[in-house]
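Results of the structural survey
What follows is the residue order along each chain.
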Amino acid sequence: PSPKVRGTHPDCSVVLHFQEREVECLERIQSESQTPALPRQEGCPTEWDGVSCWPALPLGQSRAVACPDILNVFKKSKGLIQRNCTEWGWSLPSPPYHSACQLETLGSNNDTEAKARHFVTMKVLYTCGYSTSMAALLLAIGIFSCFRKLHCTRNSIHIHFFTSFILRGAAVFIKDSVLFSDESIDHCTMSTVTCKAAITFFQYSVLANFYWLLVEGLYLQTLLLLTFTCDRSYTWAYILIGWGVPMVTVGVWVLTRLQYDNHGCWDDYSSLYWWVIKAPILLAIFVNFLIFLNVTRMLAQKIRCPDLSKTHKQQYMRLTKSTLLLIPLFGVHYVVFALFPRHVGVDARLYFELVLGSYQGFLVALLYCFLNGEVQAEIRRNWGKWQRSMESNVFNLATQDFTA
């Protein structure tokens, strides 16, 4: 296969291979039709049967071809398919392709329908997950924005982190609507600006999500080093890391694809250029893991300190809990799957990345906002203040009605 086929998504490589062979065969047929006519000779013209190109053959003769090499992806076979040139034209392939090339292992119609139902179920699950996460994250952003006492660098970073999750969920919905809304679209050859823009936005949102997780780890370490000082001097540095690094990375990736690999919809994870995206993600996860180990060490030292006040010890204990709860969000599954080929553990990969990954935003909102004691206290305080205000208004109205 040509480099174009090798660089495509594995599921589409077979389709594109046969499309290229068909183009070559049709060009051969057109070339033969334009050559000067030879003395009339009975026979069968060159023909494309959907799998192989059969060169012209005189009447009464036969020809045999081997199974296409690309089918060795499914099962290695050295079978031969034969066709005869009869007075009625080309005979049917004998034996049939599925028998000669041993393709029965591809599965029956029932297997195909079962797989289709499985993917539909998975899509429903991750759609519910991302919808739930986005609703929870929007509510959490509203809570942090509405209450003045919650305005600080720490919660500002949380808001950016929440936003990255919202963008990731929106990118998934946009990608699905562009790629899979119309079943008549040939996804293997789809190469539109809209399609590439959707994939680019998706890659940016994924990168931003990992880098804001890195910022959360950096800020947690900074808090310990600065002894809980809310220093806004680092805010712009955090923003540059969280939004700027993904922007530069995706820009380099887009330019690389435009220059060297501008085919398809850019959703092929088997291409070498995919490492332009994968390497920065793995770097962020690795750095975050080192930060996690360092933060755990620093917390253990501070908690064991006998001169530590009770207030500071409680603050450190809260940080310890939040750090330990962040472990599932450090992208451990991403590292595990990144070390294996894309075709290994497909079902487990889809389940972790789509289904469980879709609920990460909800878990983040739960840990950083809804279960946050500071947030709960502020909500209770404002709720009590609102209740007293309402009671006062009702009392004033009743007094005015009585005096009137």
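Please read these numbers as outputs of a predicted model, since none were measured by experiment.

Turning to the overall build of the protein, a few remarks are in order. From N to C terminus, the protein includes 13 helices and 7 strands. Looking at the protein as a whole, 38% of its 404 residues are labelled buried. The long-range share in the protein, meaning contacts at least 24 apart out of those at least 6 apart in sequence, stands at 68%. Of the roughly 23,600 Å² that the protein leaves accessible, carbon and sulfur atoms contribute 63%.

So, on to the nonpolar core. By size, the foremost hydrophobic cluster in this structure holds 62 residues, and its most contacted members are Phe161, Phe162, Trp212, Ile277 and Ile281. Elements with a minimum of two residues in this core: helix 4 (109–146), helix 5 (153–179), helix 6 (193–225), helix 7 (235–260), helix 8 (275–304) and helix 12 (360–370). Per element, the largest residue contribution to this core is 18 residues, and it comes from helix 6. When near neighbours in sequence (up to four residues on either side) are disregarded, Trp212 contacts Ile157, His160, Phe161, Ser164, Tyr238, Ile239, Gly242 and Trp243. Core analysis: the next-biggest nonpolar cluster, separate from the first, contains 11 residues, Val65, Trp90, Ala100 and Cys101 among them.

As a further point, take the UniProt feature "transmembrane region" (unreviewed entry) in the protein. The feature "transmembrane region" (unreviewed entry), as annotated in UniProt, sits at residues 124–145, 210–228, 235–255, 275–295, 323–344 and 350–371 in this numbering. Taken end to end, residues 235–255 comprises 100% helix and 0% strand; its first and last C-alpha atoms sit 29 Å apart. For the annotated span residues 275–295, helix accounts for 100% and strand for 0% of the residues, and the straight-line distance between the end C-alpha atoms is 29 Å.

Before going further, it helps to spend a moment on the packing of aromatic side chains. All told, the structure shown has 11 aromatic pairs when counted by the stated rule. Summarising the aromatic geometry, the rings of Phe161 and Tyr368 are spaced 6.3 Å apart at their centres and angled 80 degrees between planes, so their arrangement reads as edge-to-face. Placement of the pair is Phe161 in helix 5 and Tyr368 in helix 12, with a sequence separation of 207 residues. Taken as a pair, Phe161 and Tyr368 share a single burial class, namely buried. Between Tyr219 and Tyr238 the ring centres are 5.9 Å apart and the planes differ by 85 degrees, which places this aromatic pair in the edge-to-face class. In this pair, Tyr219 sits in helix 6 while Tyr238 sits in helix 7, placing the two residues 19 residues apart along the sequence.

Attention now moves to helix 8. Along its 30 residues, helix 8 runs 43 Å from first to last C-alpha, staying within 8% of the 44 Å computed at 1.5 Å per residue. When we look at burial in helix 8, the residues that qualify are Ile277, Lys278, Pro280, Ile281, Ala284, Ile285, Asn288, Ile291, Phe292, Val295, Met298 and Leu299.

Another aspect to go through is the pairing of strand 6 (residues 80–86). Consecutive side chains along a regular strand alternate between the two faces of the sheet. Here strand 6 shows a clear split, with Ile81, Arg83 and Cys85 buried on one side and none of Leu80, Gln82, Asn84 and Thr86 buried on the other. Where strand 6 folds back on strand 7 (residues 89–90), the antiparallel hairpin that results is connected by 2 residues.

Moving on, we get to helix 7. For helix 7, spanning 26 residues, the distance from its first C-alpha to its last is 37 Å, which sits close to the expected 38 Å at 1.5 Å a residue. At Gly244, helix 7 shows its largest bend, some 35 degrees, and a proline, Pro246, comes one to four positions later. Taken residue by residue, helix 7 has Tyr238, Ile239, Gly242, Trp243, Pro246, Thr249, Val250, Trp253, Val254, Thr256 and Arg257 as its buried positions. In this structure, the buried side of helix 7 is in contact with helix 5, helix 6 and helix 8.

Applying the stated rule across the entire model yields 3 disulfides. Each sulfur of the disulfide joining Cys25 and Cys53 lies 2.1 Å from the other. Measuring handedness by torsion sign, the sulfur bridge of Cys25 and Cys53 sits at about 70 degrees and is right-handed. Of this pair, Cys25 sits in helix 2 (residues 10–34) while Cys53 sits in strand 3 (residues 53–54); the two residues are 28 residues apart in sequence, bridging distant segments of the chain. Using a relative accessible area of 23% as the deciding quantity, one classes Cys53 as partly exposed. The disulfide partner of Cys44 is Cys85, and the S-S distance across this bridge is 2.1 Å. Judged by the sign of its S-S torsion, about 100 degrees, the cystine formed by Cys44 and Cys85 is right-handed. In this pair, Cys44 is assigned in strand 1 (residues 43–44) and Cys85 in strand 6, connecting sequence segments 41 residues apart. A relative accessible area of 4% means that Cys44 is categorised as buried. By relative accessible area, which is 3% here, Cys85 ends up buried.

What follows concerns the packing of helix 6 against helix 7. Remark: helix 6 packs on helix 7, axes separated minimally by 8 Å, with the N-to-C direction vectors making an angle of 150 degrees. Taken together, the axis directions place helix 6 and helix 7 in an arrangement best described as roughly antiparallel. Helix 7 is crossed by helix 6, and the crossing has right-handed handedness. Of the residues contributing to the contact of helix 6 with helix 7, the split by class is 20 nonpolar, 5 polar and no charged.

A few words now on a nonpolar patch on the surface. Taken together, the side chains of Phe286, Phe289, Leu290 and Leu293 define a hydrophobic patch exposed on the protein surface, amounting to about 390 Å² of accessible area. Examined against the element boundaries, Phe289 turns out to sit in helix 8.

Next up on the list: the pattern of salt bridges. Overall, the coordinates contain 7 salt bridges when judged by the stated rule. Residues joined by salt bridges that share partners form a network here, namely Glu47, Asp49 and Arg83.

With that settled, the discussion passes to the sheet that holds strand 6. With respect to topology, 3 strands assemble into an open sheet ordered 5-6-7, the strand pairing being antiparallel. Looking along the sheet, the strands with just one partner apiece sit at the ends: strand 5 (62–66) and strand 7. Bridging between strand 5 and strand 6 involves 5 bridges; their strand directions are antiparallel. Each residue of the ladder has a partner; that of Ala66, found in strand 6, is Leu80.

Reading the values: the criteria
- Residues numbered from 1 in each chain as written.
- Predicted model: local features only at pLDDT ≥ 70, side-chain atom pairs only at ≥ 80, totals over all residues.
- Heavy atoms only, no water.
- Helix = DSSP H or I, 4+ residues; strand = E, 2+ residues; numbered from the N terminus.
- Buried < 20%, exposed > 50% of the residue type's maximum accessible area, 1.4 Å probe, protein only.
- Contact = heavy atoms within 4.5 Å.
- Areas by Shrake-Rupley, 256 points an atom, 1.4 Å probe, with all protein chains shown as cover.
- Core = buried A, V, L, I, M, F, W, Y, C linked by side-chain atoms within 4.5 Å.
- UniProt positions renumbered as here; feature names shortened; annotations may be inferred.
- Phe/Tyr/Trp six-rings, centres within 6.5 Å; stacked < 30°, edge-to-face > 60°.
- Expected span 1.5 Å × (residues − 1).
- Pairing = 2+ DSSP bridges.
- Bend = angle between axes of the 7 residues up to and from the residue.
- Disulfide = S-S within 2.5 Å.
- Axes fitted to C-alpha atoms, helices over the stretch in contact; angles between N-to-C directions.
- Parallel < 35°, antiparallel > 145°, perpendicular 65-115°, else oblique.
- Left-handed = near helix turned anticlockwise from the far one by under 90°.
- Nonpolar A, V, L, I, M, F, W, Y, C, P; charged D, E, K, R; others polar.
- Patch = residues over 30% accessible without salt bridge, like charges linked within 9 Å, V, L, I, M, F, W, Y side chains within 5 Å.
- Salt bridge = Lys/Arg side-chain N within 4 Å of Asp/Glu carboxyl O.

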